[in-house]
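# Observations on the model geometry
Residues per chain are reported as follows:
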Amino acid sequence: MSRVMLIDRLLVIDQLCSVAGSRLSRTFHNLQELRHSASLANKVFIQRDYTDGTICKFQTKFPSELDSRIERTLFEDTVKTLNNYYAEAEKIGGQSYVEGCLACLTVYLIFLCIETSYEKVLKKISRYIQDQNEKVYGPRGLLITDPIERGMRVIEISVYEDRGSSGSSSGSSTTSSSGR
Amino acid sequence: MSAVMITRKVTRKWEKLPGKNTFCCDGRVMMARQKGVFYLTLFLIVGTCSLFFAFECPYLAVHLSPAIPVFAVLLFVFVMAMLLRTSFSDPGVLPRALPEEANFIEMEIEAANGNVLAGQRPPPRIKNVQINNQIVKLKYCYTCKIFRPPRASHCSVCDNCVDRFDHHCPWVGNCVGKRNYRYFYLFTLSLSLLTIYIFAFDIVHVVLRSVDSGFVLVCFFTLWSVVGLTGFHTYLISLNQTTNEDIKGSWSGKNRVQNPYSHRNFIKNCCEVLCGPTFPSVLDRRGVMLEDSSNSTPDASAASVIKSSSSASAPMKSLSPPTSNGQPLEKAKPTSEAGTQKSASSPKEEKSFAPKSPNAVAPAVIKESAH
C-alpha cells in the first residue's frame with residue numbers, strides 16, 4: 001500500500017514541477033523524487049557470466065534479495081535483453097569487418113565523424129534501462145544502474161525502502177505522513 | 001525561488017581517477033607516467049624519416065620515380081597515426097570497485113571461505129569459472145578490489161587493471177590492452193614496412209651513387225628488432241594469445257589448460273583481434289564530476305546524490321546474505337519534495353549533464369530554477 005502512496009505522491013509532485021515549467025523530463029522527476037522520499041536500503045550486484053568467454057554477458061540467476069520486490073520473470077527478461085544487446089554490439093561479422101577495414105583505411109579518423117556500432121548499441125541500452133526503470137523497477141522501489149557506469153563489471157540494482165514505512169527515518173520535515 | 005547560479009570550475013572525472021596515469025588535453029589523452037622512451041621513439045622515427053626525405057628522396061624521385069617519396073610519406077603518416085593512437089588511448093582500464101561493490105565482494109568471499117581460525121592464513125582469493133569447457137581461475141586484485149575478468153591483469157607501472165592485458169610498452173608510453181592492441185599491432189607492422197622500405201631504397205641509393213653506407217647499418221639493426229616484434233605479435237594473434245599469457249605460459253605445457261579463447265582457426269583468430277568491434281572506454285574521463293565537498297567517487301548514480309547530501313552517513317552496507325532486513329542505512333537529508341525549501345541540498349545536487357550521460361538515473365540539472 002505504501003508504494004501506491006509513494007507513486008501518488010510522485011505524480012502530484014510531478015504535476016507541480018511541470019506546472020513550474022521545469023525543463024527536466026518527467027521521468028527524471030519521478031526517479032529523483034523516489035530517491036528523496038525513499039531511502040537506499042541495499043544494493044544488489046549482478047555479476048558477469050564468463051561461460052561463453054570474455055564477451056559481455058550477465059548472470060541471469062535471480063538474487064534472493066529481490067525475492068519480495070520483483071517477479072523473477074521480469075528480472076530475467078531484463079537481464080536477457082541486456083545480454084542480447086551486448087551480444088549484438090560485440091558480434092564479429094560482416095558489419096564489424098567493413099567498419100574495421102574502412103576505419104583502418106582512413107587511419108581511424110572516421111571515428112571523429114561517425115560513432116561506432118558499439119556506441120550506437122550502448123545508447124540503445126541506456127534508453128532501454130531508462131525505460132525499464134520508469135515502467136518496471138521504479139514502481140517497485142528499485143533502480144538499475146547502467147553497467148557502463150561500473151566498468152561493465154556488474155549490473156547494480158539499488159533497493160529503496162519507502163521512508164515513511166521505516167520508523168527511524170526522521171528528520172524529513174517535508175515528508176507527508178505515512179499514516180494515511 | 002531563484003535560479004541557483006553555478007560559476008565554479010568544472011571538475012572532470014579524469015582528475016580524480018586513481019592510478020598512475022597522466023592525462024593531457026583535459027582528459028582526452030591518457031598515458032603512463034614515464035614518457036621518456038616514448039619521446040625517444042618519436043625522435044627515432046621522425047629523425048630517420050627526415051634524413052631519408054632530405055638526403056635520399058630527391059635523388060630517388062628524380063632518377064627513379066616520384067611515387068617513391070609519396071608512398072614513403074603515406075606510410076610515415078600511417079605509422080605516426082598508429083603510434084599516437086596507441087599511446088594516447090585508454091588501453092581498456094577497468095575502474096576500481098566502489099565501496100559498496102567492494103563490500104559485496106568481501107561478503108561473498110567470507111561466505112565462501114567459512115571460518116578461518118585466528119593465526120591461519122586465509123585461503124587465496126580465487127574464483128573458478130568454466131569457459132568453453134576449460135576451468136579458468138579468476139584472481140582477486142587487492143588494489144582494485146575486484147575479481148579480475150579473464151585475461152585482465154594489473155599493470156604495476158600504471159597501477160590499473162587492464163582488460164585483455166598484453167604488456168606495458170615503454171616505447172609507446174602506455175599499456176597495450178583490449179582497446180589499443182590492434183593499433184599497436186598496426187603500428188609495429190607499418191613500422192616494419194617503413195623500415196624495410198627505407199632500408200631497400202637506402203641500398204638502392206648506395207648502389208647507384210656509391211655513397212657512405214653508414215645509414216644502412218642503422219636501418220639494418222632497427223629492421224631486425226621491429227620485424228622480429230611484428231612477427232612475434234603475428235604469431236600471438238594467430239593463436240589468440242596475449243604477451244602476458246605467453247610469458248606466463250598459461251596455455252602451454254601438457255598439464256595446463258588449452259587456450260579457451262582460441263577459435264582454432266588462424267583466420268578467425270586474426271579477424272577477431274584485428275576486425276573485431278571497437279570497444280568503448282568505460283572510464284568516462286571527460287565526464288563532469290558532482291561539485292561537492294564530500295564527493296570522492298566519480299559516480300553518477302543515485303547513491304552519490306544521497307550519500308553526498310548526508311554528511312554523517314555511515315558507510316553504505318552492501319548486501320549481506322542472511323541478515324539484511326531492509327533497514328535503511330543511508331538516509332537522504334531533508335530535501336525532498338518540490339515546492340519546499342531546497343537550499344540545504346541545492347549546492348550538492350547540482351551537476352551539469354556529463355557529455356556521455358547514457359544513464360537516465362544520473363542526477364539531473366538543478367530543478368529549482370523555475371520555482
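Residues numbered from 1 in each chain as written. Chains lettered and ligands numbered in written order. Predicted model: local features only at pLDDT ≥ 70, side-chain atom pairs only at ≥ 80, totals over all residues. Heavy atoms only, no water.

Here the focus is the overall build of chain A. Broken down by element type, chain A carries five helices and three strands. Secondary structure elements of chain A occur, N-terminal to C-terminal, as α-α-β-α-α-α-β-β. Contacts in chain A between residues far apart in sequence, at least 24 positions, make up 59% of those at least 6 positions apart. Surface summary for chain A: the accessible area is close to 8,200 Å², and the carbon and sulfur share equals 55%. (Helix = DSSP H or I, 4+ residues; strand = E, 2+ residues; numbered from the N terminus. Contact = heavy atoms within 4.5 Å. Areas by Shrake-Rupley, 256 points an atom, 1.4 Å probe, with all protein chains shown as cover.)

Here we take up the overall build of chain B. Along its length, chain B carries nine helices and 10 strands. Across the 371 residues in chain B, those meeting the buried criterion constitute 51%. Relative to all contacts within chain B whose residues are 6 or more apart in sequence, the contacts with residues 24 or more apart total 62%. With an accessible surface of roughly 17,700 Å², chain B has 62% of that area assigned to carbon and sulfur atoms. (Buried < 20%, exposed > 50% of the residue type's maximum accessible area, 1.4 Å probe, protein only.)

An α-helical turn contains 3.6 residues, so a residue and the one three or four places further along point in the same direction. Here helix 4 (residues 181–209) of chain B spans 41 Å end to end across 29 residues, near enough to the 42 Å set by a 1.5 Å rise per residue. Note on helix 4 of chain B: the residue one or two positions beyond its end, S210 of chain B, has a positive phi of about 55°. (Expected span 1.5 Å × (residues − 1).)

Further remarks concern the confidence of the model for chain B. Residue and element names in this part refer to chain B. The share of residues in chain B with pLDDT of 70 or more is 73%, and the mean pLDDT across the chain is 76. The low-confidence segment residues 293–371 (pLDDT under 50) makes 202 contacts with residues lying over four places distant or belonging to another chain. Complex prediction metrics read pTM 0.74 and ipTM 0.72. (pLDDT = per-residue confidence, 0-100.)

The next thing to look at is the sheet that holds strand 8 (residues 160–162) of chain B. Backbone-to-backbone hydrogen bonds join strands into a sheet, with any given pair of strands oriented parallel or antiparallel. Residues and elements named next belong to chain B. On the basis of which strands lie adjacent, the open sheet formed by three strands has the order 3-8-7 and antiparallel pairing. Whereas interior strands pair on both sides, the edge strands pair on one side only; in this sheet they are strand 3 (93–94) and strand 7 (153–155). The sheet contact formed by strand 3 and strand 8 spans two bridges and is antiparallel. Residue pairing for strand 8: V93 is matched across the bridge by V162. (Pairing = 2+ DSSP bridges.)

Turning to the UniProt feature "transmembrane region" (unreviewed entry) in chain B, a few remarks are in order. Residue and element names in this part refer to chain B. Taking the UniProt record as the reference, the feature "transmembrane region" (unreviewed entry) is found at residues 37–55, 67–84, 183–208 and 214–238. Along residues 67–84 the backbone is 100% helical and 0% strand, and the end-to-end C-alpha distance reaches 26 Å. Each end of residues 183–208 is marked by a C-alpha atom, and these two atoms are 37 Å apart; helix forms 100% of the span and strand 0%. (UniProt positions renumbered as here; feature names shortened; annotations may be inferred.)

All names here are of chain A. With respect to the helices and strands, L143 occurs in strand 2 (residues 142–145). By relative accessible area, which is 1% here, L143 ends up buried. Here the alpha-carbon distance between L143 and C104, two residues 39 residues apart in the chain, equals 40 Å.

With that settled, the discussion passes to the UniProt feature "domain: Golgin subfamily A member 7/ERF4" (unreviewed entry) in chain A. Under the present numbering, the feature "domain: Golgin subfamily A member 7/ERF4" (unreviewed entry) in UniProt falls on residues 44–156 of chain A. This span, residues 44–156 of chain A, is 45% helix and 8% strand, and a straight line between its end C-alpha atoms measures 6 Å.

In this section: helix 3 (residues 72–89) of chain A. All names here are of chain A. Taking 1.5 Å of rise per residue, the 18 residues of helix 3 would be expected to cover 26 Å, and the 26 Å separating its terminal C-alpha atoms lies within 8% of that figure. All of the buried residues in helix 3 are F75, T78, V79, L82, N83, Y85, Y86 and A89. One face of helix 3 carries all of its buried residues, which in axial projection span an arc of 160°. Exposed residues on helix 3 whose side chains face more than 90 degrees from its buried face are T73 and N84. (Arc of directions from axis to C-beta.)

The next point concerns unusual backbone geometry. Residue and element names in this part refer to chain B. Positive phi values are uncommon outside glycine, yet R151 reaches one of about 75°. Looking at the element boundaries, R151 is found in the loop between strand 6 (146–147) and strand 7. Of note, the phi angle at R264 is positive, near 60°, even though the residue is not glycine. Tracing the sequence through the fold places R264 in the loop between helix 6 (243–248) and helix 7 (266–275). Given a relative accessible area of 58%, R264 falls into the exposed group.

By the definition in use, this model includes 18 salt bridges over all chains. Across the pair E100 of chain B and K43 of chain A runs a salt bridge, and its minimum N-O distance is 3.3 Å. With E100 of chain B in helix 3 (residues 99–113) and K43 of chain A in strand 1 (residues 38–46), this residue pair bridges two chains. This pair shows no difference in class: E100 of chain B is buried, exactly as K43 of chain A is. The closest approach of N and O atoms between R125 of chain B and E106 of chain B, which form a salt bridge, is 3.1 Å. Taken together, the residues span a long stretch of sequence, with R125 of chain B in the loop between helix 3 and strand 4 (126–131) and E106 of chain B in helix 3 at a distance of 19 residues. Since its relative accessible area comes to 23%, E106 of chain B is described here as partly exposed. Each of the salt bridges in this network shares a partner with another, and the network as a whole consists of K43, R150 and E156 of chain A together with E100 of chain B. (Salt bridge = Lys/Arg side-chain N within 4 Å of Asp/Glu carboxyl O.)

As a further point, take the sheet that holds strand 2 of chain A. Residues and elements named next belong to chain A. Within the open sheet, the three strands sit side by side as 1-3-2. Their pairing is antiparallel. With partners counted over all chains shown, the strands left at the sheet margins are strand 1 and strand 2, one partner each. Neighbour to neighbour, the strand axes of the sheet diverge by 25° on average, direction disregarded. In the sheet, strand 2 pairs with strand 3 (residues 155–162) via four bridges, with the strands oriented antiparallel. Following the sheet pairing, I144 is matched in strand 3 by I157. (Axes fitted to C-alpha atoms, helices over the stretch in contact; angles between N-to-C directions.)

The next point concerns the nonpolar core. The biggest cluster of nonpolar side chains holds 46 residues, and the ones touching the most others in it are Y108 of chain A together with I45, F52, M82, L83, Y181 and F187 of chain B. Of all elements in the fold, only strand 2 (29–32), helix 1 (36–63), helix 2 (67–88), helix 4, helix 5 (214–239) and helix 7 of chain B reach the threshold of two or more residues within this core. At 13 residues, the largest contribution of residues to this core is made by helix 4 of chain B. Discounting chain neighbours no more than four positions away, the residues touching F187 of chain B are T41, I45, V79, M82, L83, T86 and V172 of chain B. In this structure, L66, A89, L122 and I148 of chain A belong to the second largest nonpolar core, which totals 30 residues. (Core = buried A, V, L, I, M, F, W, Y, C linked by side-chain atoms within 4.5 Å.)

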